[in-house]
Amino acid sequence: MNPIIQANGIHLGYKNDIIIKNASFSIYPKEFVFVSGQSGSGKSTLLRSMYGDLPLKSGSLEICGMEMFKANKKNIEILRRHLGIIFQDYKLIKDFNVEKNVMLPMIIGGFTKESCQTQTDRLLTHIKLSHKGSKYPMELSGGEQQRVAMARALAHNPLLILADEPTGNLDDYSSEVIWNLLRGVNTQLGITVVVVTHRIPEALGIHYRHFHIEEGVIYELS
Ligand SMILES: Nc1ncnc2c1ncn2[C@@H]1O[C@H](COP(=O)(O)OP(=O)(O)O)[C@@H](O)[C@H]1O
Ligand SMILES: [Mg+2]
């Protein structure tokens, strides 16, 4: 099987600062991967390179078959149709209600109006927020907002979920809801999941791979 993420000797950083040095790794379809590291170690930097928000300094990084080193804006836009991205601070659109936030990637992806509605209803049931479809992000708790962000990330049937500290701001209950969803999409739908976090949950109940960043170097732990 071909890797869904293949990094060969990548260097990442900002201006003259190299944050990730010479990293090489392969992640395969259906894997669940954690990337840990202290604050400031480069976790978000690594993830940003995977969704095309940060150009590589050097090396080769293939995501879903696309070479990021030479990807242009259009390539990245196409790639993102296959990605579900989740941020620590949710990044919902505050002027859109819950339904519209979840629907947005499907509208961009050219889904029919009817399938947008069916999929949105299904996802809202899944995140237990069917009764809040017409609420705006400001009217939801942090945990509820992150569940909406999860639904949005899943709406267009992505191949790969990239999550940046998805439970960093959440209480234990909401964190558990998020981990259950991520575990569910991985084991039941076979979606590849990469989560960067400074703390891996105990008793996740599934097999996962674990990479750790220290002083710019990415190690695989087992
Ligand atoms: N836009 C940026 N410009 C310059 N330096 C940055 C930028 N973003 C992050 N950094 C630096 O890169 C390092 C890694 O940051 P980051 O990837 O956000 O770490 P983490 O997500 O592990 O906390 C930090 O030293 C940070 O200050
Ligand atoms: Mg970060």
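Notes on the structure in this doc start here. Note that this is a predicted model, so its numbers are computed, not measured.

**Side note on the pattern of salt bridges**
(1) Moving on: Under the counting rule described, the total for this entry stands at nine salt bridges.
(2) Moving on: The shortest N-O distance in the salt bridge between arginine 48 and aspartate 53 comes to 2.9 Å.
(3) Moving on: Residue arginine 48 is classed as partly exposed on the basis of its relative accessible area, which comes to 23%.
(4) Moving on: For aspartate 53, a relative accessible area of 37% gives the class partly exposed.
(5) Moving on: Lysine 74 is the partner of glutamate 77 in a salt bridge, and the nearest nitrogen-oxygen pair spans 3.9 Å. Linking glutamate 77 with lysine 74, this pair stays in helix α2 (residues 73-80), spanning three residues, or about one helical turn.
(6) Moving on: With relative accessibility at 43%, the residue glutamate 77 sits in the partly exposed group.
(7) Moving on: When salt bridges with common partners are traced through the structure, they connect Glu31, Arg209 and Glu220 into a single cluster.

**What to know about the packing of helix α3 (residues 98-108) against helix α4 (residues 113-126)**
(1) Moving on: Running from N to C, α3 and α4 point in directions that differ by 130°, and their axes come no closer than 9 Å. Taken together, α3 and α4 sit at an angle that is classed as oblique. Here α3 and α4 pass one another in a crossing that is right-handed. For the pair α3 and α4, contact is made by Val98, Glu99, Val102, Met103, Met106 and Ile107 and by Ser115, Cys116, Gln117, Gln119, Thr120, Asp121, Leu123 and Leu124, respectively.

**Observations concerning the sheet that holds strand β6 (residues 83-86)**
(1) Moving on: Pairing is mixed across the open sheet formed by six strands, whose spatial order is β6-β7-β8-β3-β9-β10. Each edge of the open sheet is held by one strand with a lone partner, namely β6 and β10 (217-221). Strand after strand, the sheet turns through a mean of 20° between neighbouring axes, direction not considered.
(2) Moving on: Sheet analysis places strand β3 (residues 32-36) next to strand β9 (residues 209-214), joined by four bridges and oriented parallel. Each bridged residue has a counterpart across the sheet, and for phenylalanine 34 the counterpart in β9 is histidine 210.
(3) Moving on: In this fold helix α1 (residues 43-50) packs onto β3, β6, β7 (160-164), β8 (192-196), β9 and β10, with an angle of close to 150° to the strand it touches most, β7.

Reading guide: rules and limits
- Residues numbered from 1 in each chain as written.
- Chains lettered and ligands numbered in written order.
- Predicted model: local features only at pLDDT ≥ 70, side-chain atom pairs only at ≥ 80, totals over all residues.
- Heavy atoms only, no water.
- Salt bridge = Lys/Arg side-chain N within 4 Å of Asp/Glu carboxyl O.
- Buried < 20%, exposed > 50% of the residue type's maximum accessible area, 1.4 Å probe, protein only.
- Helix = DSSP H or I, 4+ residues; strand = E, 2+ residues; numbered from the N terminus.
- Axes fitted to C-alpha atoms, helices over the stretch in contact; angles between N-to-C directions.
- Parallel < 35°, antiparallel > 145°, perpendicular 65-115°, else oblique.
- Left-handed = near helix turned anticlockwise from the far one by under 90°.
- Contact = heavy atoms within 4.5 Å.
- Pairing = 2+ DSSP bridges.

On their own, these measurements won't tell you what the molecule is for.
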